[in-house]
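Coordinate analysis (summary)
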Amino acid sequence: MIRQTDAPAVPRLRGQLRAPGGGGLGARRRPVGFTAGYPVSPTFLRRGLAIGIDIGGTKVAAGVVDIHGNILAEARRDTPGNDPRHVEAIIAELVAELSVGHRIRSVGIGAAGWMDLTNGTVLFSPHLAWRNEPLRHNLERILRRRVTVVNDADAAAWAEWRFGAGQGESRLVCITLGTGIGGAMIMDGALERGRFGVAGEFGHQIIVPQGHRCECGNRGCWEQYASGNALGREARELATANSPVAQALLREVDGDPQLITGAVVTKLALEGDPASRELVDDVGQWLGLGLANLAAALDPGTFVVGGGLGAAGDVLLEPARRAFGRNLTGRGFRPAARVEAAALGPSAGLVGAADLSRLSPRLSRGRAGRN
């Protein structure tokens, strides 16, 4: 069960959306107005249940979430990445399934990609077939409910800040390691989206010029070296070479190297397989290098690392911390950020999406077009 917090304070969301929400334990936040001009009051925090849906590169996870971040019911489906209409149909199935026996006030969608938060549009998603997709409009028409659309990494960071490992941190950077690398920032109680609403795409910083081709179109992106996909790719190469150290990996997939994924490697690493631990260690070193780059630019107090690959825990984070310390600009003469494991696990995205859906400033049916 996700930990509970006291009644939330009222923070800000920078960028294209402002809304009331929660602070960390003991946090003091100054109320500010909505972009649309509404005054902020804690009474605008809608009570009741919300459905959060986290759309990733391989799965759609959904859950019913209460105001304390507790998940009361869950369901999931595979992601059909090449068909936006099919994704919308799956979301409708999940909402219908989870609404049975629950009085749902709102639906929050955390989706991978760059967002126009004002219009609820997915501008571009590297792992899904979305290009200028009016996701919120389509889903509100299908579901006949109020829907909020946010970036999936933002949703996860929000959940960790409200209910998890980031509570009380004024400068938080959250990294989600899954199919790729997602990122989000909470600065002084604000979910920071940047001038155009597309900040936090840390996975697409170019870390190896002319390196591995990325789905975003560039080469050498960080997520090609420090993600679940990268871990699976390296393990498949090792197994395909029929290396004697890869025998445990091959046994796990009945001898077919193409079935090796990052999740398979993570499982074996946690069970103590030396080759899998070495592979995770390599990914951890790439992770630490990227975190050092981010620290030079953003100077956070805490990095929270989550997502599917985050399940490796200290097997991943210890080499990441070492590499972070070795590559940190001004090391030895400056304070260093903490690197912590996410507390909420793979459910953080849906918890955050549900929580953010309660904070939308669309206060009545007459204002349903605003986000």
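In this report, the structure presented in the accompanying data block is examined. (Residues numbered from 1 in each chain as written. Predicted model: local features only at pLDDT ≥ 70, side-chain atom pairs only at ≥ 80, totals over all residues. Heavy atoms only, no water.)

1. Looking at the overall build of the protein
For the protein, the count of helices and strands is 9 helices and 14 strands. Every one of the 371 residues in the protein was classed for burial, and the buried ones make up 56%. Of the contacts formed within the protein by residues at least 6 apart in sequence, a portion of 62% connects residues at least 24 apart. Of the accessible surface of the protein, which amounts to about 15600 Å², a share of 50% is contributed by carbon and sulfur atoms. (Helix = DSSP H or I, 4+ residues; strand = E, 2+ residues; numbered from the N terminus. Buried < 20%, exposed > 50% of the residue type's maximum accessible area, 1.4 Å probe, protein only. Contact = heavy atoms within 4.5 Å. Areas by Shrake-Rupley, 256 points an atom, 1.4 Å probe, with all protein chains shown as cover.)

2. Remarks on a nonpolar patch on the surface
On the surface, Leu 123, Phe 196 and Val 198 cluster together to form a nonpolar patch covering roughly 260 Å² of accessible area. Mapping Phe 196 onto the fold places it in the loop between strand S12 (190–192) and helix H4 (228–240). The class for Phe 196 is exposed, based on a relative accessible area of 59%. (Patch = residues over 30% accessible without salt bridge, like charges linked within 9 Å, V, L, I, M, F, W, Y side chains within 5 Å. Salt bridge = Lys/Arg side-chain N within 4 Å of Asp/Glu carboxyl O.)

3. Description of the pairing of strand S3 (residues 59–65)
Extensive coverage of S3 is indicated by the burial of 6 of its 7 residues. In this antiparallel pair of consecutive strands, strand S2 (residues 49–55) and S3, the connection spans 3 residues. For S3 and strand S4 (residues 71–78), the ladder comprises 7 bridges, and the chain directions are antiparallel. Residue pairing across strands places Val 64 opposite Ala 73, the latter belonging to S4. The hairpin formed by S3 and S4 contains 5 residues between the paired strands, and Gly 69 there has a positive phi angle of roughly 85°. (Pairing = 2+ DSSP bridges.)

4. A closer look at the sheet that holds S4
With respect to topology, 5 strands assemble into an open sheet ordered S4-S3-S2-S5-S9, the strand pairing being mixed. In this open sheet, the two strands that pair with only one neighbour each are S4 and strand S9 (147–151). Ignoring which end each strand starts from, the neighbouring axes of this sheet average 20° apart. Summarising the sheet, strand S5 (residues 104–111) and S9 pair through 5 bridges and their orientation is parallel. In the sheet register, Ala 111 faces S9, and the bridge partner there is Asn 151. (Axes fitted to C-alpha atoms, helices over the stretch in contact; angles between N-to-C directions.)

5. Points about the environment of Val 305
Checked against the element boundaries, Val 305 lands in strand S13 (residues 302–306). Classification of Val 305 as buried rests on a relative accessible area of 2%. Along the primary structure Val 305 and Gly 345 are separated by 40 residues, whereas in three dimensions their C-alpha atoms are 9.6 Å apart.

6. Some remarks on the packing of aromatic side chains
Counting across every chain of the model gives 4 aromatic pairs. Ring centres 5.6 Å apart and planes at 55° place the aromatic pair Trp 158 and Trp 161 in the tilted group. Here Trp 161 and Trp 158 lie together in helix H3 (residues 152–163), a separation of 3 residues that amounts to about one turn. The exposure classification of Trp 158 matches that of Trp 161, with both residues buried. Measuring from ring centre to ring centre gives 4.8 Å for Tyr 225 and Trp 286, while their planes differ by 40°; the resulting arrangement is tilted. Within this pair, whereas Tyr 225 is found in the loop between S12 and H4, its partner Trp 286 is found in helix H7 (residues 274–298), the two being separated by 61 residues in sequence. Looking at Tyr 225, the relative accessible area reads 11%, which means it is buried. For Trp 286, a relative accessible area of 30% puts it in the partly exposed group. (Phe/Tyr/Trp six-rings, centres within 6.5 Å; stacked < 30°, edge-to-face > 60°.)

7. Details of unusual backbone geometry
The residue Arg 144 is not glycine, and still its phi comes out positive at about 55°. Within the secondary structure, Arg 144 is located in the loop between helix H2 (135–143) and S9. In this structure, Gln 210 is a non-glycine residue whose phi angle is positive, near 60°. As for its position among the elements, Gln 210 is in the loop between S12 and H4.

8. Some details on the nonpolar core
Soluble globular proteins tend to pack their nonpolar side chains together in the buried interior. Residues Ile 175, Trp 222 and Leu 287 are the most contacted members of the largest nonpolar core, which totals 44 residues. Listing elements by their share of this core, those giving two or more residues are strand S10 (171–177), strand S11 (181–187), H4, helix H5 (247–252), helix H6 (262–270), H7, S13 and helix H8 (314–327). Residues contacting Trp 222, with those up to four places away along its chain left out, are Ile 175, Ile 181, Phe 202, Gly 203, Gln 205, Ile 207, Trp 286, Leu 287, Gly 290, Leu 291 and Leu 294. Residues Ile 51, Val 87, Ile 91 and Ile 104 belong to the second largest nonpolar core, which totals 29 residues. (Core = buried A, V, L, I, M, F, W, Y, C linked by side-chain atoms within 4.5 Å.)

9. A few points about the pattern of salt bridges
For the structure shown, the criterion picks out 16 salt bridges. Here Arg 77 makes a salt bridge to Glu 97, at a shortest N to O gap of 2.8 Å. Residue Arg 77 is located in strand S4, and its partner Glu 97 is located in helix H1 (residues 84–99); the two are separated by 20 residues in the primary sequence. Of the charged contacts, one joins Arg 162 and Asp 355 as a salt bridge, the two residues approaching to 2.7 Å between their closest N and O atoms. Taken as a pair, Arg 162 in helix H3 and Asp 355 in helix H9 (residues 348–357) lie far apart in primary sequence, 193 residues in all. One exposure class covers both Arg 162 and Asp 355, and it is buried.

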